[in-house]
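Architecture at a glance
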Amino acid sequence: MSLFTAARKAGASALPFLKAKPTSRRWNSSRNLTPCVLILLGIALDSVVRNDAFQWNVVGDYFTSASVLRGLWLTLWLTAVVTALGFALGTVLAAFRLSANPVLRAVSWGYVWLFRSMPILVQLLFWFNIGALYPQILGVRTVDLLGPVTVAVVGLTLHEAAYAAEVVRGGILSVDRGQIEAAQALGLSRWRRWWRIVLPQAMRSIVPPAGNMLIGTLKGTSIVSVIAVQDLLYSVQLVCHRTYQVMPLLMVATLWYVIVTSVLGVGQYYVERHYARGSERTR
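Residues numbered from 1 in each chain as written. Predicted model: local features only at pLDDT ≥ 70, side-chain atom pairs only at ≥ 80, totals over all residues. Heavy atoms only, no water.

Secondary structure assignment for the protein yields 12 helices and two strands. Across the protein, helices and strands are ordered from the amino to the carboxyl terminus as α-α-α-α-α-α-β-β-α-α-α-α-α-α. (Helix = DSSP H or I, 4+ residues; strand = E, 2+ residues; numbered from the N terminus.)

What follows is the structure, given as structure tokens:
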């Protein structure tokens, strides 16, 4: 037997001793942290539910009171109107920004730059006191023409449109240019190209940030309480001034905001799922 053959046989016989021993299971961080997280959440929830300082009986009394429900309705109305008008104006501004006309592009860019630079509270206070600059508009006293609710709609809409314009523009730019050119080659009209080709694909990119903006607008309407618009937060504050039960009534507003934003979040999920059909992003 040659030396080489003997070495090979010796190596083969030694292989079982060279096999790696099975190691212990790896520490699964997510599995081991889950009980800890659940315990901490349980402790936090117990501290809230069993804390008498929250006065849950008072929360239950005012949760569906007439004044709170009126404030909730005005909050929902403001959210719907501001979102609709904001995205309508934002779509126009996005079209201007994508236009070949340099004047329209400059107007759109200037609008977005200006209204994104100003805090929303400053804008609301500016429009609320616009009568100091223009006492009359079209022969009508500005104070009579622009009431608190009108000021809230105008201020929030102009603010919303600046962000909506960028969301819509980003969605349109996300559509591959080659598909538009293919639609042109097929002889589709401009309207059909936008309605059948561009918009369905752009909505995949528009819906997620638009849904976040809708929820942000719902919560952002609480700022109109500074100009005495009786939204949900202002209605709760009026009761606070009368009863001095601050924390229970703040919990009433908080619970309503959580409920409504949760419903909007579920709706956003299904809308995203609808426009994600045929793509990999279906979850």
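The N-to-C vectors of helix H5 (residues 102–117) and helix H8 (residues 148–173) enclose an angle of 125°; their axes lie 9 Å apart at closest approach. Compared by their axis directions, H5 and H8 come out oblique. Crossing geometry of H5 relative to H8 is assigned as left-handed. Judged by residue contacts, Tyr111, Val112, Phe115 and Arg116 of H5 engage Leu158, His159, Ala161, Ala162, Tyr163, Ala165 and Glu166 from H8. In the contact of H5 with H8, the residues fall into eight nonpolar, one polar and two charged. (Axes fitted to C-alpha atoms, helices over the stretch in contact; angles between N-to-C directions. Parallel < 35°, antiparallel > 145°, perpendicular 65-115°, else oblique. Left-handed = near helix turned anticlockwise from the far one by under 90°. Contact = heavy atoms within 4.5 Å. Nonpolar A, V, L, I, M, F, W, Y, C, P; charged D, E, K, R; others polar.)

Looking now at a nonpolar patch on the surface. A cluster of nonpolar side chains, Leu33, Val37, Leu38 and Leu41, forms an exposed patch at the surface whose accessible area comes to about 380 Å². Looking at the element boundaries, Leu38 is found in helix H2 (residues 29–49). (Patch = residues over 30% accessible without salt bridge, like charges linked within 9 Å, V, L, I, M, F, W, Y side chains within 5 Å. Areas by Shrake-Rupley, 256 points an atom, 1.4 Å probe, with all protein chains shown as cover. Salt bridge = Lys/Arg side-chain N within 4 Å of Asp/Glu carboxyl O.)

With 18 residues, the main nonpolar core has Val68, Leu232, Val236, Val252 and Trp256 as its most contacted residues. Elements with a minimum of two residues in this core: helix H3 (56–63), helix H4 (66–97), helix H11 (232–243) and helix H12 (246–275). Sort the elements by how many residues they give to this core and H12 lands first, with seven residues. For Val252, the residues in contact, after removing those within four places along its chain, are Val59, Tyr62, Phe63 and Val68. With 15 residues, the next largest nonpolar core counts Val168, Val175, Ala202 and Val207 among its residues. (Core = buried A, V, L, I, M, F, W, Y, C linked by side-chain atoms within 4.5 Å. Buried < 20%, exposed > 50% of the residue type's maximum accessible area, 1.4 Å probe, protein only.)

What follows concerns the packing of aromatic side chains. In total, this model carries five aromatic pairs according to the counting rule given. Ring plane angle 80° and centroid distance 5.5 Å describe the contact between Phe126 and Trp127, whose orientation is recorded as edge-to-face. (Phe/Tyr/Trp six-rings, centres within 6.5 Å; stacked < 30°, edge-to-face > 60°.)

The backbone of Ala228 sits at a positive phi, close to 65°, despite the residue not being glycine. Structurally, the position occupied by Ala228 is in the loop between helix H10 (190–220) and H11. Since its relative accessible area comes to 43%, Ala228 is described here as partly exposed. Although it is not a glycine, Tyr244 sits at a positive phi angle of roughly 60°.

On to the side chain of Ser222, then. You can see Ser222 is positioned in the loop between H10 and H11. At a separation of 2.7 Å, a polar atom in the side chain of Ser222 contacts the main-chain carbonyl oxygen of Lys219. When near neighbours in sequence (up to four residues on either side) are disregarded, Ser222 contacts Asp231, Leu233 and Tyr257. (Polar contact = N/O pair within 3.5 Å; in protein donor to acceptor, adjacent residues only side chain to side chain.)

Evaluated as defined, the whole model comprises two salt bridges. Two residues, Glu166 and Arg97, come together in a salt bridge whose shortest N-O distance is 3.4 Å. Separated by 69 residues along the polypeptide, Glu166 in helix H8 and Arg97 in helix H4 bring together distant segments of the chain. The partly exposed category is assigned to Glu166, whose relative accessible area is 22%. Judged by relative accessible area, which is 23%, Arg97 ranks as partly exposed. Arg169 is the salt-bridge partner of Glu166, the closest N and O atoms lying 2.9 Å from each other.

Compared with the 44 Å implied by 1.5 Å per residue over 30 residues, the 43 Å span of H12 between its first and last C-alpha is a close match. Residues of H12 that are buried include every one of Pro248, Leu249, Met251, Val252, Ala253, Trp256, Tyr257, Val260, Thr261 and Gln268, and no others. Buried residues belonging to H12 abut H3, H4, H10 and H11. (Expected span 1.5 Å × (residues − 1).)

Considering the arrangement of structural elements, one finds Gln136 in strand S1 (residues 136–137). Beyond its immediate stretch of four places on either side in the chain, Gln136 contacts Arg141 and Thr142.

The next thing to look at is the side chain of Gln123. Take Gln123: it is sitting in helix H6 (residues 120–128). Classification of Gln123 as buried rests on a relative accessible area of 0%. A polar contact of 3.3 Å, which involves the side chain of Gln123, links it to the side chain of His159. Once residues within four sequence positions are removed from consideration, Gln123 is found in contact with Phe115, Met118, Gly155 and His159.

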